Amino acid sequence: MQVQLTVNGKQVSVDVPPNTLLVQTIREHLHLTGTHVGCDTAQCGACTVILNGRAVKSCNVLAAQVAGAEITTIEGLAKEDGTLHPMQAAFKECHGLQCGFCTTGMVMSAVDLCTHHPEADETEIRELLEGNICRCTGYQNIVKAVALGKANMAATA
């Protein structure tokens, strides 16, 4: 079936079987491999993307369900000239990553968190990141990165 989407600001049309997950569509059909497949059960958050302005786990959504939607992947956050999004820059500056596997989903969730909860404090940031699992960092630098990213997003708004 043909599914039309707007991905990272560009209109795309993909021909996929009806049971194709959004994460498969993004990775295999659109070749945007920054969105990771972790658990395939919507537990880890590695596949998080922004769908119509809200973070979703793309392993839990069929592409056909989101026909006509606007999707932003990690590849769509940075500017055309390569300038990092404030949240990406904060993760880099605070070393909010270790192995990097969870990082793309964590960044996407953090952008959503800061967009919808701009007053979140450290405790709320920890609670709101609950759906994203990191097995390496202990979360300390991730929380610092989200707080810095939130401040930087507010400063550039």
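Quick note: structure is the one above.
On a predicted model such as this, the values are computed, not experimentally measured, just so you know.

Let's talk about the nonpolar core
So, step 1. Core analysis: the largest hydrophobic core is formed by 23 residues, its most contacted members being Met87, Phe91 and Val146.
So, step 2. Within the residue set of this core, elements represented by two or more residues are α2 (86-93), α3 (103-116) and α5 (140-156).
So, step 3. Ranked by residue count, the leading element in this core is α3, at seven residues.
So, step 4. In this structure, Phe91 is in contact with Gly96, Leu97, Thr103, Met106, Val107, Ala110, Ile142, Ala145 and Val146, ignoring residues within four places of it in sequence.
So, step 5. Counting 16 residues, the second largest nonpolar core, distinct from the first, contains Leu5, Val14, Val16 and Val49.

Let's talk about the packing of α2 against α3
So, step 1. Running from N to C, α2 and α3 point in directions that differ by 125 degrees, and their axes come no closer than 10 Å. By the criterion of interaxial angle, the relationship of α2 to α3 is oblique. The two elements α2 and α3 meet at a crossing, and its hand is right-handed. Taking contact as the criterion, the partners of Met87, Gln88 and Phe91 in α2 are, on α3, Thr103, Met106, Val107, Ala110, Val111 and Cys114.

Here we look at the state of the cysteines
So, step 1. Overall, the coordinates contain zero disulfides when judged by the stated rule.
So, step 2. With no disulfide of its own, Cys39 lies 3.8 Å from the sulfur of Cys44, the closest cysteine sulfur.
So, step 3. Assessed through its relative accessible area of 14%, Cys44 is described here as buried.

Some points on the environment of Met108
So, step 1. Following the sequence through the fold, Met108 ends up in helix α3.
So, step 2. If we skip the residues at most four places from it in the chain, Met108 touches Thr48, Val49, Ile50, Thr72, Thr73, Ile74 and Leu77.

With respect to the pairing of strand β3 (residues 48-51)
So, step 1. Burial along β3 is two-sided: the face carrying Thr48 and Ile50 and the face carrying Val49 and Leu51 are both buried.
So, step 2. Relative to strand β4 (residues 54-57), β3 is paired through four bridges, and the arrangement is antiparallel. Its bridge partner being in β4, Ile50 is matched across the sheet by Ala55.
So, step 3. Linkage of β3 to β4, two consecutive antiparallel strands, is achieved through a turn of two residues, within which Asn52 is found at a positive phi near 50 degrees.
So, step 4. Bridging between β3 and strand β5 (residues 70-72) involves two bridges; their strand directions are antiparallel. If you follow Leu51 over to β5, its bridge partner there is Ile71.

Cut-offs used in this document
Residues numbered from 1 in each chain as written. Predicted model: local features only at pLDDT ≥ 70, side-chain atom pairs only at ≥ 80, totals over all residues. Heavy atoms only, no water. Core = buried A, V, L, I, M, F, W, Y, C linked by side-chain atoms within 4.5 Å. Buried < 20%, exposed > 50% of the residue type's maximum accessible area, 1.4 Å probe, protein only. Helix = DSSP H or I, 4+ residues; strand = E, 2+ residues; numbered from the N terminus. Contact = heavy atoms within 4.5 Å. Axes fitted to C-alpha atoms, helices over the stretch in contact; angles between N-to-C directions. Parallel < 35°, antiparallel > 145°, perpendicular 65-115°, else oblique. Left-handed = near helix turned anticlockwise from the far one by under 90°. Disulfide = S-S within 2.5 Å. Pairing = 2+ DSSP bridges.

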